[in-house]
Amino acid sequence: MACNDTRLTIDGVESSEPKGEDSDNSQRGQWLRAAILGANDGLVSTSSLMMGVGAVKADAKAMLLSGFAGLVAGACSMAIGEFVSVYSQLDIEVAQMKREQRIKGGGEVHQDGLPSPVQAAVASALAFSAGAMVPLLAAGFISSYKVRLEVVASAATVALVVFGSVGALLGRAPVAKSAARVLVGGWMAMAVTFAVMKVFGSTAL
């Protein structure tokens, strides 16, 4: 019986280690996937904004300034939203841990391993900014109006395929379907924004 008990204890220890590694890998995968989604948001929103402004104004400066304003505003919005969301989640988890400690008879609550609101906010802002930089860099050195619009759309298309494929790989989803879904969604956002601003610009401005 003693041998059996010892073996069971050892098996329990050995089986717990892979679970911890799997948990760490899962958390890293979630962070990477969230970063890809944030970059995709920055890409689509900034590209759509630049295409919309380009539909009513041929001025390169206006297009670039609108894109840069979208980058700053979007990064701040993403950071604040992520900070509030993660902080709320942190409060819930700490409260739950305190309840469990009271049930067990007291003790100090350790917050090691819990999500960091500041880290999440910074990561979200950086991811959004990275995606938003794609159309800005693509259009930054092109003076021709038509060529500038085509380059923004082309750069966004390539980036959408890349982001969609990487996100699918991290999420263990079908790559082709996921990349196509992200690509079509991005195209629709840019096309709708361009069309609406074109109609609005021709009638109201």
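Residues numbered from 1 in each chain as written. Predicted model: local features only at pLDDT ≥ 70, side-chain atom pairs only at ≥ 80, totals over all residues. Heavy atoms only, no water.

Trainee: Help me understand the overall build of the protein chain in this model?
Mentor: Each helix and strand in the protein chain was counted, giving five helices and zero strands. Secondary structure of the protein chain in N-to-C order comes out as α-α-α-α-α. The proportion of buried residues among the 205 residues of the protein chain is 30%. Counting only contacts in the protein chain whose residues sit at least 6 apart along the sequence, the fraction spanning at least 24 positions is 73%. Just so you have it, the protein chain exposes about 12,500 Å², and 65% of that area is on carbon and sulfur atoms. (Helix = DSSP H or I, 4+ residues; strand = E, 2+ residues; numbered from the N terminus. Buried < 20%, exposed > 50% of the residue type's maximum accessible area, 1.4 Å probe, protein only. Contact = heavy atoms within 4.5 Å. Areas by Shrake-Rupley, 256 points an atom, 1.4 Å probe, with all protein chains shown as cover.)

Trainee: What am I meant to see in the UniProt feature "transmembrane region" (unreviewed entry) in the protein chain here?
Mentor: Per the UniProt record, "transmembrane region" (unreviewed entry) is found at residues 62-80, 120-142, 149-170 and 182-201. Taken end to end, residues 62-80 comprises 100% helix and 0% strand; its first and last C-alpha atoms sit 27 Å apart. A helix fraction of 100% and a strand fraction of 0% characterise residues 182-201, whose end C-alpha atoms lie 28 Å from each other. (UniProt positions renumbered as here; feature names shortened; annotations may be inferred.)

Trainee: Which parts of the structure should I look at to understand the packing of helix α3 (residues 117-139) against helix α4 (residues 145-171)?
Mentor: In a pair of packed helices, the angle between the axes and the distance between the axes together describe the arrangement. Interaxial distance between α3 and α4 falls to 8 Å at its minimum, and their mutual angle equals 150°. Here α3 is positioned roughly antiparallel relative to α4, judged by the angle of their axes. Between α3 and α4 lies a crossing whose hand is right-handed. Contacts from Gly-131, Val-134, Pro-135, Ala-138 and Ala-139 in α3 reach Arg-148, Val-151, Val-152, Ala-155, Ala-159 and Phe-163 in α4. Of the residues assigned to the contact of α3 with α4, the class counts are nine nonpolar, one polar and one charged. (Axes fitted to C-alpha atoms, helices over the stretch in contact; angles between N-to-C directions. Parallel < 35°, antiparallel > 145°, perpendicular 65-115°, else oblique. Left-handed = near helix turned anticlockwise from the far one by under 90°. Nonpolar A, V, L, I, M, F, W, Y, C, P; charged D, E, K, R; others polar.)

Trainee: For this particular structure, what's the right way to read the packing of helix α2 (residues 60-104) against α3?
Mentor: For the pair α2 and α3, interaxial distance at closest approach is 7 Å and the crossing angle is 160°. In terms of their interaxial angle, α2 and α3 are classed as roughly antiparallel. Helix-helix and strand crossings are classified by hand; for α2 and α3 the assignment is right-handed.

Trainee: Please explain the side chain of Ser-165 as it appears in this structure.
Mentor: Note that Ser-165 resides in helix α4. Its relative accessible area of 18% is what places Ser-165 among the buried residues. The residues contacting Ser-165, other than those within four sequence positions of it, are Val-175 and Ala-179.

Trainee: Explain the nonpolar core to me, please; I cannot follow it from the model alone.
Mentor: Here is a general trend for soluble globular proteins: nonpolar side chains tend to be buried in one another's company. One finds Leu-43, Met-50, Met-51, Met-63, Val-152, Leu-160 and Phe-163 to be the most contacted residues of the largest nonpolar core, which totals 24 residues. Secondary-structure elements contributing two or more residues to this core are α1 (2-56), α2, α3, α4 and α5 (175-204). Beyond its immediate stretch of four places on either side in the chain, Met-50 contacts Met-63, Leu-64, Ser-66, Gly-67, Pro-135, Leu-136, Ala-139 and Val-152. (Core = buried A, V, L, I, M, F, W, Y, C linked by side-chain atoms within 4.5 Å.)

Trainee: Where do I start with the layout of surface pockets in this structure?
Mentor: If you roll a probe as big as a water molecule over the atoms, it shows you where there is empty space left. Estimates place the volume of the largest pocket at around 520 Å³. Forming the walls of the largest pocket are 22 residues, and the residues nearest its centre are Trp-31, Glu-82, Val-86, Pro-115 and Ala-120. At the level of secondary structure, the elements contributing two or more residues to the lining of the largest pocket comprise α1, α2 and α3. In terms of residue class, the lining of the largest pocket is made up of 11 nonpolar, eight polar and three charged. (1 Å grid on protein atoms, 1.4 Å probe; cavity = no way out; pocket = protein on both sides within 12 Å on 5 of 7 lines; lining within 4 Å. Points joined across faces, edges and corners; volume = space filled by probe spheres on them.)

Trainee: Just to check I follow, could you spell out α3 for this structure?
Mentor: Every α-helix carries 3.6 residues per turn, so stepping three or four residues along brings you back to the same face. Given a rise of 1.5 Å per residue, 23 residues ought to cover 33 Å, and the 34 Å separating the end C-alpha atoms of α3 matches this to within 8%. Maximal helix bending in α3 amounts to about 30°, located at Met-133; proline Pro-135 follows within four positions. (Expected span 1.5 Å × (residues − 1). Bend = angle between axes of the 7 residues up to and from the residue.)

Trainee: Explain α2 here, please?
Mentor: Over its 45 residues, α2 runs 65 Å from end to end, which matches the ideal 66 Å to within 8%, given 1.5 Å per residue. Taken as a whole, α2 has its buried residues at Ala-62, Met-63, Ser-66, Gly-67, Gly-70, Leu-71, Gly-74, Ala-75, Ala-79, Val-86, Leu-90 and Val-94. Two or three places before Lys-61, at the opening of α2, Asp-59 has a side-chain oxygen 3.3 Å from that residue's backbone nitrogen. (Polar contact = N/O pair within 3.5 Å; in protein donor to acceptor, adjacent residues only side chain to side chain.)

Trainee: Hey, could you run me through the environment of Ala-179 in this one?
Mentor: Tracing the backbone shows Ala-179 in helix α5. Sequence-wise, Ala-179 and Leu-160 are 19 residues apart; in three dimensions their C-alpha atoms are separated by 7.3 Å. Residues contacting Ala-179, with those up to four places away along its chain left out, are Val-161, Gly-164 and Ser-165.

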